[in-house]
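Listed below are the residues making up each chain.
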Amino acid sequence: MKRFRKFIDAELNVENVKNSAQLNSYGITCTYLPDPVEDFDEFEFRTDFGGKENIVISFALEMGKIKRLIISEANEHNPDVVKGLTADRLESLLSQKGDDLERFFEFITGVS
């Protein structure tokens with residue numbers, strides 16, 4: 001997860017978060033977008049891995065900046081239940097989708 005540290009404290013471009021066509025080009029769908037965005041808010045996105053849209057990307061925003069980033073996995077039978085990824089599962093995800101995830105964060109923050 002070191003590769004994503006540069007996005008912590010980065011300002012979020014909410015207009016880019018709303019650009020579903022561009023998010024889809026990274027294989028990502030926004031599943032929770034607060035409207036309006038408050039001083040402290042959370043966002044949630046999903047992406048597929050292993051043929052299922054089961055990876056949950058969530059982050060907390062404080063005063064317009066990303067303060068916490070979590071990548072987890074939704075339960076196959078109850079998508080509202082999420083758990084952390086094992087080290088092996090995270091490594092596999094990042095080897096397959098890490099570049100797309102990084103481009104996604106670059107797009108929504110402007111940080112490269």
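This text goes with the structure placed above it.
Since the model is a prediction, treat every value here as computed from it, not as a measurement.

Draft legend 1. Broad picture of the sheet that holds strand E5 (residues 82-84). Read across the sheet, 5 strands follow the order E1-E2-E3-E4-E5 without closing on themselves; strand pairing throughout is antiparallel. Looking along the sheet, the strands with just one partner apiece sit at the ends: strand E1 (28-32) and E5. Adjacent strand axes in the sheet meet at a mean angle of 40 degrees when their direction is disregarded. In terms of strand pairing, strand E3 (residues 52-62) meets strand E4 (residues 65-74) through 8 bridges, oriented antiparallel. Considered in E4, the bridge of Val56 is made with Ser72. Here helix H3 (residues 87-109) sits on the sheet and contacts E1, strand E2 (40-49), E3 and E4; the angle it forms with E2, its principal contact strand, is near 130 degrees.

Draft legend 2. Examining the environment of Thr86 more closely. Relative to the helices and strands, Thr86 resides in the loop between E5 and H3. Looking at Thr86, its side chain comes within polar contact range of the main-chain nitrogen of Arg89, at 3.1 Å.

Draft legend 3. Representation of the pattern of salt bridges. Taken as a whole, this structure holds 12 salt bridges when the rule is applied. Between Asp99 and Arg3 there is a salt bridge whose closest N-O contact spans 3.0 Å. A residue pair is termed long-range when its members are at least 10 positions apart, and Asp99 in helix H3 and Arg3 in the segment before helix H1 (14-17) qualify at 96 residues. Arg3 sits in the partly exposed class, given a relative accessible area of 29%. Residues Glu15 and Lys18 are paired through a salt bridge, measuring 3.9 Å at the closest nitrogen-oxygen approach. On the basis of relative accessible area, Glu15 is assigned to the exposed category, the value being 56%. Salt bridges sharing common partners tie together Arg3, Lys6, Asp99, Glu102 and Glu106.

Draft legend 4. Seen up close, the packing of aromatic side chains. Taken as a whole and judged by the stated rule, the model has 9 aromatic pairs. With 6.4 Å between their ring centres and 35 degrees between their planes, Phe4 and Phe7 make a pair best called tilted. Of the two residues, Phe4 and Phe7, both sit in the buried class. Here a set of aromatic residues connected by ring pairs shows up, and it is made of Phe4, Phe7, Phe43, Phe45, Phe59, Phe104 and Phe105.

The rules behind the values
Residues numbered from 1 in each chain as written. Predicted model: local features only at pLDDT ≥ 70, side-chain atom pairs only at ≥ 80, totals over all residues. Heavy atoms only, no water. Pairing = 2+ DSSP bridges. Helix = DSSP H or I, 4+ residues; strand = E, 2+ residues; numbered from the N terminus. Axes fitted to C-alpha atoms, helices over the stretch in contact; angles between N-to-C directions. Contact = heavy atoms within 4.5 Å. Polar contact = N/O pair within 3.5 Å; in protein donor to acceptor, adjacent residues only side chain to side chain. Salt bridge = Lys/Arg side-chain N within 4 Å of Asp/Glu carboxyl O. Buried < 20%, exposed > 50% of the residue type's maximum accessible area, 1.4 Å probe, protein only. Phe/Tyr/Trp six-rings, centres within 6.5 Å; stacked < 30°, edge-to-face > 60°.

By themselves, these observations are geometric and do not establish any function.
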